[in-house]
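Coordinates in review
Listed below, chain by chain, are the residues.
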Amino acid sequence: MMSKEEREEKRIAKLAEKEEKRNLKIYEKYMEQALKEAKKAYDINEVPIGCVIVQDDKIIARGYNRRNTDKSVLAHAEIAAISEACKKTGDWRLEDCTLYVTLEPCQMCAGAIVQARIPKVVVGAMNPKAGCAGSIINILNMQQFNHQCEVETGIMKEKCTEMMTKFFEELREQKNQIM
């Protein structure tokens, strides 16, 4: 027979499991939208990275990679979405928002996320060559800064990775056909 404490622990564990499943559904709902943004980049022959920013359970900003199209090193998905969100909210602080991105942010984007005071970042695929949300360094959680972000990783990882892999395979094929 279980003690009162054991029953309470079990009840709390069940509640936590339900909350985790609910959060995963929410994360997937918005990551699906970030993937739609990544597809826009893919369709214009850009590295397929997409981002959405959510406030009060509504998407307030979207962005996708346009570096080659815009001929700008600043044309990353996260930067575009942060800029749009700041305009929509009328503030540079996005303290009540969550950012969803298909690929782990680079150092520039991670810095912008910290500067915008975004409290939560949800990442699809990690980027072992340039990621700054845990792969190479974790700028989003550096205690030396005045703001840190909660980071969830691996949300719809397979779909996010699949689009990137397909893009780079096609790019290599195009280069081989030229040679």
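Further up the page is the structure itself.
No experiment lies behind these values; they were computed from the predicted model shown.

Next up on the list: the overall build of the protein. Secondary structure summary: the protein contains five helices and five strands in total. Moving toward the C terminus, one meets the helices and strands of the protein in the order α-β-β-α-α-β-α-β-β-α. The dimensions of the protein, computed from C-alpha atoms along their principal axes, are 75 × 40 × 30 Å. The buried share among the 179 residues of the protein stands at 39%. Partitioning the intrachain contacts of the protein with sequence separation of at least 6 by distance along the chain shows that 58% fall at a separation of at least 24. When the accessible surface of the protein is summed, it comes to about 10900 Å², and 52% of that surface belongs to carbon and sulfur atoms. Across the protein, the mean location of the 29 positive side-chain charges is 2 Å away from that of the 28 negative side-chain charges.

Moving on: a negative patch on the surface. A grouping of Asp56, Asp57, Glu95 and Asp96 is seen on the molecular surface, where their side chains present a negatively charged patch. Inspection of the secondary structure puts Asp57 in the loop between strand S1 (50-55) and strand S2 (58-64).

Of all hydrophobic cores here, the largest spans 46 residues; its most connected members are Ile53, Ile82, Leu94, Leu99, Ile113 and Leu140. Of all the secondary structure elements, the ones that give two or more residues to this core are helix H1 (4-43), S1, S2, helix H3 (77-89), strand S3 (97-103), helix H4 (107-115), strand S4 (120-125) and helix H5 (157-178). Of all the elements, H1 adds the most residues to this core, at seven residues. Once residues within four sequence positions are removed from consideration, Leu94 is found in contact with Ile53, Ile82, Ala85, Cys86, Thr89, Ala116, Arg117, Ile118 and Pro119.

A separate point is the pairing of S1. Two faces, one strand: in a regular strand the side chains alternate between the faces of the sheet. Of all six residues that make up S1, six are buried, and the element is covered over most of its length. Every second residue of S1 is oriented toward a common face, with Gly50, Val52 and Val54 on one face and Cys51, Ile53 and Gln55 on the other, all of them buried. By the bridge criterion, six bridges tie S1 to S2 in an arrangement that is antiparallel. Across the sheet, the residue bridging to Val54 is Ile59, located in S2. Linking S1 back to S2 in an antiparallel pair, the connection comprises two residues, with Asp56 at a positive phi of about 50°. In this structure, S1 lies alongside S3, joined through five bridges in antiparallel fashion. Bridge pairing in S3 places Ile53 opposite Leu99.

Another point: the state of the cysteines. A full pass over the atoms with the stated rule returns zero disulfides. Free of any disulfide, Cys149 has its nearest cysteine sulfur in Cys97, 12 Å distant. With no disulfide of its own, Cys160 lies 12 Å from the sulfur of Cys51, the closest cysteine sulfur. Of the residues examined, Cys160 reaches a relative accessible area of 3% and is grouped as buried.

So, how was this worked out
Residues numbered from 1 in each chain as written. Predicted model: local features only at pLDDT ≥ 70, side-chain atom pairs only at ≥ 80, totals over all residues. Heavy atoms only, no water. Helix = DSSP H or I, 4+ residues; strand = E, 2+ residues; numbered from the N terminus. Buried < 20%, exposed > 50% of the residue type's maximum accessible area, 1.4 Å probe, protein only. Contact = heavy atoms within 4.5 Å. Areas by Shrake-Rupley, 256 points an atom, 1.4 Å probe, with all protein chains shown as cover. Lys, Arg positive; Asp, Glu negative; His and termini not counted. Charge placed at Lys NZ, Arg CZ, Asp CG, Glu CD. Patch = residues over 30% accessible without salt bridge, like charges linked within 9 Å, V, L, I, M, F, W, Y side chains within 5 Å. Salt bridge = Lys/Arg side-chain N within 4 Å of Asp/Glu carboxyl O. Core = buried A, V, L, I, M, F, W, Y, C linked by side-chain atoms within 4.5 Å. Pairing = 2+ DSSP bridges. Disulfide = S-S within 2.5 Å.

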